[in-house]
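A look at the structure
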Amino acid sequence: MSDVNLPVEWETVCNTADTEIIRECIDSVFRRLLANMLLEFENPKFRQVKKDNKVLNRLTQSLPSGFIEFLFSSIGFVKHDDVFIFEGSLETLKHGDAVLTYIEDSLGRKKLHAVESQLHCLRKLAATKAKNNPTPTETAPVTSRLQRAQNTFQEGDAKHHTQPKGTEMDLTEEQAIKEVVRNTLLKTGRVRNSFFEARDFTVRTMNNGRVYACTEKCPVDCVEAHWHFLTGRNILYAHLAHLSADGARLLHLGPEHGYQYNSLPGSTNFGKMTHCNEKLMDENGRLLYIKHDDTPVKVCIYCGRPFAELLL
């Protein structure tokens, strides 16, 4: 792309305007128009675009008109009153492709920089919180932890698996460290197998509550990861883990919940999704407790999403 030089004013637009708006405009208008021209170069239908085109107006209304005219001109279209008419050649289309690619790469770098900046701020905040509010490491024996886990389990699902207020805010805050958490889980042996083909992966802080009543007394600046694993036997597993504030260290796992679609005609819950088991493992892979069940359910106990959606 060394032969592409964007005018300074349009470089500024790319650096200051909403990245997703520009990207959608390029994808839905100019990339599509470019593809049509390359596929059917002589087709007159693709050689002019009216300025009052509804799709064009919807996708470009928040961008400077001069910038839109520049994009049209880059692929060979010239403005004539209320219509853009193609007056270029195949070479013009090739140049237009280079211009669009240059802008797309620029937007990608901008987005990456924003994510890295946010991640840096979150790590700095986590370090400050850890320094000001040190949390002693719990060293209770395994037998004590086992008893505590069993007691927690016996107190009831409704109390311990709720979706508290404020989780949307937490989810937004943790988008920047999602990839860090993903890498940590993939590098953890006892988690890797269930996470390698994870679905619906989400990460959030616990500033506004947590979906699992943690028995390990994790501080609120830690992060909570949740994902599903679907097997080929109509079985869906719901997993949860708590990690350090920077997402780089796994603290402990939450209970694993198994759900299975009953496809056996004549059985009690035929045609329904049932909660078939719940189990909790410690950090060494030791089973702390397991419960077998056959209760009909409609949503995941952690995220509250319906199985009709999760199984698609």
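Predicted model, so just to flag it, every value in this text is computed and none were measured.

**Overview of the environment of phenylalanine 72**
Position of phenylalanine 72 among the secondary structure elements: in helix α4 (residues 65–74). Exposure remark for phenylalanine 72: the relative accessible area of 0% places this residue in the buried category. Residues phenylalanine 72 and phenylalanine 84 lie 12 residues apart in sequence; the distance between their C-alpha atoms is 7.6 Å. With residues up to four places along the chain from it excluded, the contact list for phenylalanine 72 reads Phe30, Leu33, Val49, Leu56, Phe77 and Phe84.

**Details of the nonpolar core**
One finds Leu6, Ile22, Phe30, Phe67, Phe72, Phe77 and Ile103 to be the most contacted residues of the largest nonpolar core, which totals 36 residues. Going through the elements one at a time, α1 (8–16), α2 (19–39), α3 (54–60), α4, β3 (83–86) and α5 (90–132) are the ones with two or more residues in this core. No other element matches α2, which puts 8 residues into this core. What leucine 6 contacts, discounting residues up to four positions off in sequence, is Glu11, Cys14, Phe70, Val99, Tyr102 and Ile103. Membership of the second largest hydrophobic core comes to 17 residues, among which are Leu119, Leu185, Val203 and Ala225.

**Notes on the sheet that holds strand β1 (residues 48–50)**
Strand order across the open sheet formed by 3 strands is β1-β3-β2, with antiparallel pairing between neighbours. Two strands close off the open sheet at either side, each with one partner strand: β1 and β2 (77–80). Pairwise comparison of adjacent strand axes, ignoring direction, gives a mean angle of 20° for this sheet. Strand contacts of α4: β1, β2 and β3, with the helix running at about 130° to β2, the strand carrying the most contacts.

**Looking at the packing of aromatic side chains**
On inspection of all chains with the given rule, the structure shows 7 aromatic pairs. Between the aromatic rings of tyrosine 259 and phenylalanine 307, the centroid separation amounts to 4.7 Å while the plane-to-plane angle is 55°, which identifies the pairing as tilted. Highlighted residues: tyrosine 259 in strand β8 (residues 256–261) and phenylalanine 307 in helix α11 (residues 307–310), separated in sequence by 48 residues. Judged by relative accessible area, phenylalanine 307 falls into the buried class, the value being 4%. Put simply, the rings of Phe30, Phe41, Phe72, Phe77, Phe84 and Phe86 touch in pairs and so form one group of aromatic residues. One residue, arginine 47, lies across the ring of phenylalanine 41, its end atom 4.7 Å from the ring centre.

**Thoughts on α4**
The α-helix advances 3.6 residues per turn, and as a result positions three or four apart in sequence lie on the same side. Among all positions of α4, only Phe67, Ile68, Phe70, Leu71, Phe72 and Ser74 are buried. With its phi angle positive at about 100°, glycine 76 sits one or two positions after the end of α4.

**A word on the pattern of salt bridges**
Following the criterion strictly, the structure yields 8 salt bridges and no others. The closest approach of N and O atoms between lysine 279 and glutamate 256, which form a salt bridge, is 3.8 Å. Taken together, the positions of lysine 279 in strand β9 (residues 273–281) and glutamate 256 in strand β8 put the pair 23 residues apart, joining distant regions of the chain. In the salt-bridge network here, residues are joined through shared partners; they are Arg31, Asp97 and Glu104.

**Looking at the confidence of the model for the protein chain**
For the protein chain, the average pLDDT comes to 78, and 79% of its residues sit at 70 or higher. For residues 152–166, every residue scores under 50 in pLDDT, and the model assigns this stretch 31 contacts once sequence neighbours within four places are set aside.

**Examining the packing of α2 against α4**
With their axes 11 Å apart at the nearest point, α2 and α4 run at an angle of 35° to one another. For the crossing formed where α2 meets α4, the hand is right-handed. Counted together, Ile22, Cys25, Phe30 and Leu33 of α2 and Phe67, Ile68, Leu71 and Phe72 of α4 form the full contact between these two elements. Grouping the constituent residues of the contact of α2 with α4 by class yields 8 nonpolar, no polar and no charged.

**Describing the pairing of strand β7 (residues 250–253)**
As paired strands, strand β6 (residues 235–243) and β7 are joined by 3 bridges and run antiparallel to one another. From the neighbouring strand, alanine 241 faces β7, where its bridge partner is leucine 253. What sits between the antiparallel neighbours β6 and β7 is a turn of 6 residues, in which glycine 247 has the positive phi angle 75°.

Thresholds applied
- Residues numbered from 1 in each chain as written.
- Predicted model: local features only at pLDDT ≥ 70, side-chain atom pairs only at ≥ 80, totals over all residues.
- Heavy atoms only, no water.
- Helix = DSSP H or I, 4+ residues; strand = E, 2+ residues; numbered from the N terminus.
- Buried < 20%, exposed > 50% of the residue type's maximum accessible area, 1.4 Å probe, protein only.
- Contact = heavy atoms within 4.5 Å.
- Core = buried A, V, L, I, M, F, W, Y, C linked by side-chain atoms within 4.5 Å.
- Pairing = 2+ DSSP bridges.
- Axes fitted to C-alpha atoms, helices over the stretch in contact; angles between N-to-C directions.
- Phe/Tyr/Trp six-rings, centres within 6.5 Å; stacked < 30°, edge-to-face > 60°.
- Lys NZ or Arg CZ within 6 Å of the ring centre and 35° of its normal.
- Salt bridge = Lys/Arg side-chain N within 4 Å of Asp/Glu carboxyl O.
- pLDDT = per-residue confidence, 0-100.
- Left-handed = near helix turned anticlockwise from the far one by under 90°.
- Nonpolar A, V, L, I, M, F, W, Y, C, P; charged D, E, K, R; others polar.

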